[in-house]
Amino acid sequence: PPQAFATALDLIRTPGWLAMSIKEDFLSDTDRTGFSDLLRQLMDHRVIEVEEPLRFRHRDSVAGDALFYDALVARKHHDVPIEDLRRSGDSSFEA
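All figures in this text were calculated on a predicted structure; none of them were measured in a lab.

## Overview of the packing of helix 1 (residues 2-9) against helix 2 (residues 34-44)
Interhelical geometry of helix 1 versus helix 2 gives an angle of 40° and a closest axis separation of 9 Å. By the criterion of interaxial angle, the relationship of helix 1 to helix 2 is oblique. Within the contact between the two elements, helix 1 uses Pro 2, Phe 5, Ala 6 and Leu 9 and helix 2 uses Gly 34, Phe 35, Leu 38, Leu 39 and Leu 42. Of the residues assigned to the contact of helix 1 with helix 2, the class counts are eight nonpolar, one polar and no charged.

## A few points about the pattern of salt bridges
In the structure shown here, the tally under the stated rule is seven salt bridges. In this structure, Arg 55 and Glu 24 form a salt bridge, with 2.7 Å as the shortest nitrogen-oxygen distance. Taken together, the positions of Arg 55 in strand 3 (residues 54-60) and Glu 24 in the loop between strand 1 (16-23) and helix 2 put the pair 31 residues apart, joining distant regions of the chain. Residue classification places Arg 55 among the partly exposed positions, given a relative accessible area of 49%. Since its relative accessible area comes to 25%, Glu 24 is described here as partly exposed. Residue Glu 49 pairs with Arg 46 through a salt bridge whose shortest N-O separation is 3.7 Å. Here Glu 49 falls in the partly exposed class, since its relative accessible area comes to 29%.

## What to know about the side chain of Asp 70
Relative to the helices and strands, Asp 70 resides in strand 4 (residues 66-76). Within the buried core, Asp 70 has no salt-bridge partner, and the shortest N-O distance to an opposite charge, that of Arg 55, equals 5.4 Å. Sequence-distant contacts of Asp 70, defined by excluding residues within four places in its chain, comprise Met 20, Ser 21, Ile 22, Glu 24, Leu 27, Pro 53, Leu 54, Arg 55 and Phe 56.

## Topic: helix 1
Residues of helix 1 that are buried include every one of Pro 2, Phe 5, Ala 6 and Leu 9, and no others. An end-on view of helix 1 places all buried positions within 100° of arc, on one side of the element.

Calculation notes
Throughout, residues of each chain are indexed from 1 in the direction in which the sequence is written. With pLDDT at 70 or above as the cut-off, local features in this predicted model cover only qualifying residues; side-chain atom pairs require 80 or more to be listed or tallied, and sums for whole chains, interfaces and linings still use all residues. The side-chain numbers reported here are obtained from all heavy atoms of the structure, hydrogens and water having been left aside. Note on geometry: axes are C-alpha line fits, over the in-contact stretch for helices, and angles between N-to-C directions span 0 to 180 degrees. Secondary structure elements follow DSSP: runs of H or I no shorter than four residues count as helices, runs of E no shorter than two count as strands, and numbering proceeds from the N terminus. For classification purposes, an angle smaller than 35 degrees is called roughly parallel, one larger than 145 roughly antiparallel, one from 65 to 115 roughly perpendicular, and anything else oblique. It only takes one pair of heavy atoms within 4.5 Å for two residues to be counted as in contact. By the convention adopted, Pro, Cys, Tyr, Trp, Phe, Met, Ile, Leu, Val and Ala count as nonpolar, Lys, Arg, Asp and Glu as charged, and the other residues, Gly among them, as polar. For salt bridges, the criterion is a side-chain nitrogen of Lys or Arg within 4 Å of an Asp or Glu carboxyl oxygen. Residue exposure (1.4 Å probe, protein chains only): buried if accessible area is under 20% of the type maximum, exposed if over 50%, otherwise partly exposed. When charges are counted, Lys and Arg are positive and Asp and Glu negative, with His and the chain ends excluded. This arc is taken over the directions from the axis of the helix to the C-beta atoms.

Following this line, the structure appears as C-alpha coordinates:
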(Lines give C-alpha, C1' and ligand atoms only; values in the text may rest on other atoms or scores of the structure.)
Protein backbone atom coordinates (compact mmCIF):
# COMPACT_ATOMS: atom_id res chain seq x y z
CA PRO A 1 0.00 0.00 0.00
CA PRO A 2 1.15 3.59 -0.67
CA GLN A 3 1.28 4.55 3.01
CA ALA A 4 3.46 1.52 3.81
CA PHE A 5 5.88 2.52 1.03
CA ALA A 6 5.96 6.13 2.27
CA THR A 7 6.70 4.92 5.81
CA ALA A 8 9.50 2.67 4.56
CA LEU A 9 10.92 5.50 2.43
CA ASP A 10 11.14 7.68 5.54
CA LEU A 11 13.46 5.07 7.09
CA ILE A 12 16.09 5.99 4.49
CA ARG A 13 18.45 8.67 5.80
CA THR A 14 18.15 12.11 4.18
CA PRO A 15 19.85 12.75 1.85
CA GLY A 16 19.95 9.18 0.65
CA TRP A 17 19.47 6.77 -2.19
CA LEU A 18 16.62 4.44 -3.13
CA ALA A 19 16.87 1.51 -5.54
CA MET A 20 13.97 -0.69 -6.57
CA SER A 21 12.30 -2.46 -9.44
CA ILE A 22 8.64 -1.86 -10.22
CA LYS A 23 6.12 -2.91 -12.84
CA GLU A 24 6.58 -0.62 -15.85
CA ASP A 25 2.92 0.47 -15.70
CA PHE A 26 3.49 2.31 -12.41
CA LEU A 27 5.41 5.05 -14.25
CA SER A 28 2.88 5.45 -17.06
CA ASP A 29 0.36 8.28 -17.17
CA THR A 30 -2.46 5.77 -17.60
CA ASP A 31 -1.91 4.01 -14.27
CA ARG A 32 -4.04 5.73 -11.61
CA THR A 33 -3.44 3.34 -8.72
CA GLY A 34 -2.52 4.68 -5.30
CA PHE A 35 1.10 3.56 -5.62
CA SER A 36 1.49 5.14 -9.05
CA ASP A 37 -0.07 8.38 -7.79
CA LEU A 38 2.28 8.35 -4.80
CA LEU A 39 5.35 7.98 -7.03
CA ARG A 40 4.22 10.92 -9.16
CA GLN A 41 3.59 13.05 -6.06
CA LEU A 42 6.97 12.14 -4.58
CA MET A 43 8.64 13.24 -7.81
CA ASP A 44 6.47 16.39 -8.11
CA HIS A 45 7.25 17.40 -4.49
CA ARG A 46 10.96 16.61 -5.13
CA VAL A 47 11.01 14.11 -2.28
CA ILE A 48 12.77 11.79 -4.71
CA GLU A 49 14.61 12.52 -7.93
CA VAL A 50 14.58 9.49 -10.21
CA GLU A 51 17.60 8.90 -12.40
CA GLU A 52 16.91 7.45 -15.84
CA PRO A 53 14.80 4.28 -15.37
CA LEU A 54 16.11 1.12 -16.98
CA ARG A 55 13.45 -1.14 -18.50
CA PHE A 56 14.13 -4.88 -18.36
CA ARG A 57 12.34 -8.14 -19.07
CA HIS A 58 11.39 -9.39 -15.63
CA ARG A 59 9.80 -12.70 -16.60
CA ASP A 60 7.20 -14.31 -18.83
CA SER A 61 3.54 -14.58 -17.89
CA VAL A 62 1.83 -17.97 -17.69
CA ALA A 63 0.57 -17.24 -21.22
CA GLY A 64 4.16 -16.69 -22.40
CA ASP A 65 3.95 -12.89 -22.73
CA ALA A 66 6.98 -10.85 -21.71
CA LEU A 67 6.47 -8.83 -18.51
CA PHE A 68 8.63 -5.73 -18.20
CA TYR A 69 9.72 -3.83 -15.10
CA ASP A 70 11.68 -0.63 -14.54
CA ALA A 71 14.79 -0.54 -12.39
CA LEU A 72 14.85 2.79 -10.56
CA VAL A 73 17.60 4.58 -8.72
CA ALA A 74 16.49 7.77 -6.99
CA ARG A 75 17.98 10.41 -4.73
CA LYS A 76 15.95 11.05 -1.60
CA HIS A 77 16.00 14.77 -0.82
CA HIS A 78 13.66 14.87 2.20
CA ASP A 79 11.06 12.86 4.09
CA VAL A 80 7.59 12.21 2.72
CA PRO A 81 5.22 15.13 3.44
CA ILE A 82 2.31 12.95 4.62
CA GLU A 83 0.19 15.94 5.68
CA ASP A 84 0.67 17.61 2.27
CA LEU A 85 -0.41 14.40 0.56
CA ARG A 86 -3.49 14.16 2.78
CA ARG A 87 -4.41 17.76 1.96
CA SER A 88 -3.98 17.06 -1.75
CA GLY A 89 -6.83 14.57 -1.50
CA ASP A 90 -4.85 11.35 -1.75
CA SER A 91 -7.23 8.84 -0.16
CA SER A 92 -4.33 6.42 0.41
CA PHE A 93 -3.29 8.61 3.36
CA GLU A 94 -6.62 8.84 5.15
CA ALA A 95 -6.55 7.69 8.74
